Amino acid sequence: MTDRAQSHGMPDDDPAGEEDVNFRLGRHAIQLLQAARDAGEPTLIAQAEAMAMAVGFVLASRIQDGMPETD
């Protein structure tokens, strides 16, 4: 497994750096999806939608605080 702190030069305890990475990842997914829709190619749109859903899942899995507890 890759150590993110070593690869990106970010210490593990830098929440601001991780928030920036999360924000940029989400923004890139949205931009890629918009570009696919603008191109009008159904296969490319489907692939971009799948990638955007995967990115959304990863970002949601990183949420640690502020989520309601379930029993």
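Residues numbered from 1 in each chain as written. Predicted model: local features only at pLDDT ≥ 70, side-chain atom pairs only at ≥ 80, totals over all residues. Heavy atoms only, no water.

Engineer: What is the right way to look at the overall build of the protein chain in this model?
Structural biologist: Looking only at helices and strands, one finds three helices and zero strands in the protein chain. Going from N to C terminus, the protein chain has its helices and strands arranged as α-α-α. Residue burial in the protein chain is summarised as follows: out of 71 residues, 14% are buried. For the protein chain, the proportion of contacts with a sequence separation of at least 24, taken over those separated by at least 6, is 33%. Accessible area for the protein chain stands at about 5,900 Å²; split by element, carbon and sulfur atoms hold 56% of it. (Helix = DSSP H or I, 4+ residues; strand = E, 2+ residues; numbered from the N terminus. Buried < 20%, exposed > 50% of the residue type's maximum accessible area, 1.4 Å probe, protein only. Contact = heavy atoms within 4.5 Å. Areas by Shrake-Rupley, 256 points an atom, 1.4 Å probe, with all protein chains shown as cover.)

Engineer: Would you take a moment to explain the pattern of salt bridges for this structure?
Structural biologist: Two side chains carrying opposite charge are able to pair once their charged atoms lie near each other. Taken as a whole and assessed by the stated rule, the structure comprises two salt bridges. Linking Arg24 and Asp20 is a salt bridge whose minimum nitrogen-to-oxygen distance equals 3.2 Å. Of this pair, Arg24 and Asp20 both sit in helix H2 (residues 15-39), four residues apart, roughly one helical turn. Relative accessible area serves as the criterion here: at 37%, Arg24 is assigned to the partly exposed category. Here Glu49 ties to Arg37 by a salt bridge, and the two come within 3.6 Å at their closest N and O atoms. You can see Glu49 sitting in helix H3 (residues 42-61) and its partner Arg37 sitting in helix H2, a full twelve residues away along the chain. (Salt bridge = Lys/Arg side-chain N within 4 Å of Asp/Glu carboxyl O.)

Engineer: Help me understand the side chain of Asn22, please; the structure alone is not making it clear to me.
Structural biologist: Here Asn22 shows up in helix H2. Accessibility expressed as a relative area gives 19% for Asn22, which makes it buried. Those residues in contact with Asn22, other than ones at most four positions away along the chain, are Leu59 and Arg62.

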